[in-house]
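# Commentary on secondary and tertiary structure
This is what each chain is made of:
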Amino acid sequence: VALDKGLEKTKEGFLSKITKAVAGKSTVDDDVLDNLEEVLVTSDVGVTTTLKIIERIEARVARDKYLSTAELHGLLRDEIQLLLAENNSNDFRNFEYGQHKPYVIMVVGVNGVGKTTTIGKLANKLKAENLKVVLGAADTFRAAAVEQIKLWGERVGVRVVAQAMGSDPASVAFDTLQSAVANQEDVVIIDTAGRLHNKVGLMNELGKIKNVMQKVVPNAPHEILLVLDGSTGQNAFEQCKQFTEATDVNALAITKLDGTAKGGVVIGISDQFKIPVKYIGVGEGVDDLQLFDKKAFVDSLFN
Ligand code: GDP
């Protein structure tokens, strides 16, 4: 797995900060723990998850009466992997795509996080797995969103169902699912506007799209994929909170990890929301979407 690519900044930031945190020390003491806490918080792991990690290390120090700074790396790595392991159940190879036909993905997230780009990249990946994919342009709120998804459709060679700007998103979703069934397509990916104007509004908007989908495919959507911009740190946490309160998000895509040293957001969000991170975005190109593999991720942070 070429997971290293795109995570260089996080990795450099993380490793060099940890190295600094233990500089001149041979054993883990209160100073080292304070420094480590700061490293985790400034890598956007989030306060709650940082404290959890620090407490586990403290418990280990208390138990063994001694922990060398050399051992700290390994321990930290294990603890982080444990936090991720609690959530991460899926990967591309044992994916559910084959279990439902069509498999319906509703994509949510605020503007600018990389939603359209992620849809395009994902469509491309699925097409490469010989799946027939169709996209639904149900973000009818912005003309640019419809145009952009059409461009991605052309670029990766998948069909796009769209209506005029301002039309009812639920109606676009309905059309997309109906034509997918008629054409025996395997995967439907529906873009949504997901405006965070207010929670009730968002809940109603997404709820309506879901209800209409279920008129065509009874248990749709099979996946509600929330796209978060990994470079926005605490905003990503806040968006995750709002969207998970508004709808049953069951998968995450975290984008723009290539441009940031804040990849720790993956750890914190994964721990706090208990939703598997399925994909990470590591660039603007069509191939820059990776399946999230917790072991490869942790390895890339520490190696
Ligand atoms: P949307 O408004 O959520 O649909 O966002 P877009 O898909 O239009 O993406 C917004 C910007 O972020 C575009 O310039 C994308 O090229 C860029 N972008 C999306 N994903 C990534 C990523 O993983 N890495 C980088 N560096 N840029 C990304």
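Quick summary incoming for the structure in this document. Numbering of residues starts from 1 in every chain and runs along the sequence as written. Whole-chain, interface and lining totals are the exception, using all residues; otherwise, since this is a predicted model, local features are given only for residues with pLDDT of at least 70 and side-chain atom pairs are given and counted only at 80 or more. With hydrogens and water stripped out, all remaining heavy atoms of the structure feed into the side-chain values.

## Things to note about the packing of helix H2 (residues 30-42) against helix H3 (residues 47-64)
For the pair H2 and H3, the least separation of the axes is 9 Å and the interaxial angle reads 150 degrees. What the angle tells us is that H2 and H3 run roughly antiparallel. Here H2 and H3 pass one another in a crossing that is right-handed. Each of Leu33, Leu36, Glu37, Leu40 and Val41 in H2 lies in contact with H3, whose residues at this interface are Thr50, Leu51, Ile53, Ile54, Ile57 and Glu58. Gly is placed with the polar residues, together with every amino acid not listed as nonpolar (Ala, Val, Leu, Ile, Met, Phe, Trp, Tyr, Cys and Pro) or charged (Asp, Glu, Lys and Arg). Here the residues of the contact of H2 with H3 are counted per class, giving eight nonpolar, one polar and two charged. As a rule, the C-alpha atoms of each element are fitted with a line to give its axis, helices using only the stretch in contact, and angles between N-to-C directions run from 0 to 180 degrees. Starting at the N terminus, helices and strands are each numbered in turn, a helix being any DSSP run of H or I of at least four residues and a strand any DSSP run of E of at least two. Our angle categories are set so that under 35 degrees counts as roughly parallel, over 145 as roughly antiparallel, 65 to 115 as roughly perpendicular, and the remainder as oblique. In this scheme the handedness of a crossing depends on how the near helix is turned from the far one: anticlockwise by less than a right angle means left-handed, clockwise means right-handed. Whether two residues touch is decided by their heavy atoms; if any such pair falls within 4.5 Å, the residues are in contact.

## Concerning the site of the ligand
The ligand sits among 17 residues. The nearest are Gly112, Thr116, Thr117, Asp258 and Glu284. At a separation of 2.7 Å, a nitrogen atom of the ligand approaches a polar side-chain atom of aspartate 258. Coverage of the ligand by the protein chains reaches 80% of its 580 Å² of free accessible surface. Counting residues per element, the shell around the ligand draws most heavily on helix H5 (residues 115-128), which supplies four residues. Looking at side-chain class alone, the shell around the ligand contains three nonpolar, eight polar and six charged residues. When we say a residue is near a molecule or strand, we mean one of its heavy atoms is within 4 Å of it. As used in this structure description, the phrase polar contact means that two N or O atoms lie within 3.5 Å; if the pair is within protein, one of them must be able to donate a hydrogen and the other to accept it, and residues adjacent in sequence are counted only when both atoms belong to side chains. Using the Shrake-Rupley algorithm and a 1.4 Å probe, accessible areas are obtained, with residue cover drawn only from the displayed protein chains.

## Looking at the nonpolar core
Think of a nonpolar core as a cluster: buried Ala, Val, Leu, Ile, Met, Phe, Trp, Tyr and Cys residues, connected wherever their side-chain atoms sit within 4.5 Å. Partly exposed residues are those whose accessible area sits between 20% and 50% of the maximum for their type, while under 20% is buried and over 50% is exposed, using a 1.4 Å probe and protein chains only. Ile57 and Ile189 are the most contacted members of the largest nonpolar core, which totals 96 residues. In this structure, isoleucine 57 is in contact with Leu33, Leu36, Leu67, Leu72, Leu75 and Leu76, ignoring residues within four places of it in sequence.

## A look at the packing of aromatic side chains
Two aromatic rings, taken as a pair, are described by how far apart their centres are and by the angle between their planes. Two rings from Phe, Tyr or Trp (for Trp, the six-membered ring) form a pair when their centres sit within 6.5 Å of each other. Planes less than 30 degrees apart are called stacked, planes more than 60 degrees apart edge-to-face, and all others tilted. One pass over the full model with this rule turns up one aromatic pair. Note on geometry: a ring has a charge over it if NZ (lysine) or CZ (arginine) is within 6 Å of the ring centre and within 35 degrees of the ring normal. Sitting above the plane of the tryptophan 152 ring, arginine 155 keeps its charged end 4.3 Å from the centroid.

## Things to note about the pattern of salt bridges
Any Lys or Arg side-chain nitrogen found within 4 Å of a carboxyl oxygen on Asp or Glu counts as a salt bridge. This model, assessed by the stated rule, comprises 19 salt bridges. Measuring nitrogen to oxygen at the nearest pair gives 3.2 Å for the salt bridge that ties glutamate 79 to arginine 56. In this pair, glutamate 79 sits in helix H4 (residues 69-85) while arginine 56 sits in helix H3, placing the two residues 23 residues apart along the sequence. For arginine 56, a relative accessible area of 29% puts it in the partly exposed group. In this structure, aspartate 248 engages lysine 210 in a salt bridge whose closest nitrogen and oxygen atoms are separated by 3.4 Å. Note that aspartate 248 is positioned in the loop between helix H9 (234-246) and strand S6 (251-255) and lysine 210 in helix H8 (residues 199-216), a separation of 38 residues in sequence.

## Focus: helix H1 (residues 8-21)
Under the convention used throughout, the expected extent of a helix is 1.5 Å for every residue step, that is, one less than its residue count. Over its 14 residues, H1 runs 19 Å from end to end, which matches the ideal 20 Å to within 8%, given 1.5 Å per residue. Residues Thr10, Gly13, Phe14, Leu15, Ile18 and Ala21 constitute the buried set of H1.

## With respect to helix H6 (residues 143-156)
In this model H6 runs 21 Å from its N-terminal to its C-terminal C-alpha over 14 residues, within 8% of the 20 Å that 1.5 Å per residue would give. Every buried residue belonging to H6 is among Ala145, Val146, Ile149, Trp152, Gly153 and Val156, and all of these are buried. Looking down the long axis of H6, one finds its buried residues gathered within 125 degrees of arc, a one-sided arrangement. Turned more than 90 degrees away from the buried face of H6 sit Ala144, Leu151, Glu154 and Arg155, all of them exposed. The inward-facing, buried residues of H6 contact H5, strand S2 (133-138), strand S3 (159-161) and strand S4 (187-192). Just past H6, the residue glycine 157 takes up positive phi, approximately 75 degrees. An arc is given here, and it is the one of the directions from the helix axis to the C-beta atoms.

## What to know about the sheet that holds strand S7 (residues 277-281)
A pair of strands is considered paired only if DSSP assigns at least 2 bridges between the two. The sheet built from eight strands is open, its strands ordered S3-S2-S4-S1-S5-S6-S7-S8 with mixed pairing. Two strands lie at the open edges of the sheet, namely S3 and strand S8 (289-291), each paired on one side alone. Adjacent strand axes in the sheet meet at a mean angle of 25 degrees, parallel and antiparallel pairs treated alike. Bridge count for S2 against S4 is six bridges, and the pairing is parallel. Bridge pairing in S4 links leucine 135 to isoleucine 189. Where H5 meets the sheet, its contacts fall on strand S1 (103-108), S2, S4, strand S5 (223-229), S6, S7 and S8, and the angle it forms with S4 comes to roughly 175 degrees. Across the sheet, H6 is in contact with S2, S3 and S4; its angle to S2 comes to roughly 170 degrees.

## Here's the deal with the packing of helix H7 (residues 169-182) against H8
It is the contact of H7 with H8, at a shortest axis distance of 9 Å, that shows an interaxial angle of 25 degrees. With respect to H8, the element H7 is oriented roughly parallel. When the axes of H7 and H8 are compared, the crossing they make is right-handed. Taking contact as the criterion, the partners of Pro169, Ala170, Ala173, Phe174, Leu177, Gln178 and Val181 in H7 are, on H8, Lys208, Ile209, Val212, Met213, Lys215 and Val216. Counted by class, the contact of H7 with H8 contains ten nonpolar, one polar and two charged residues.

These figures capture arrangement, not role.
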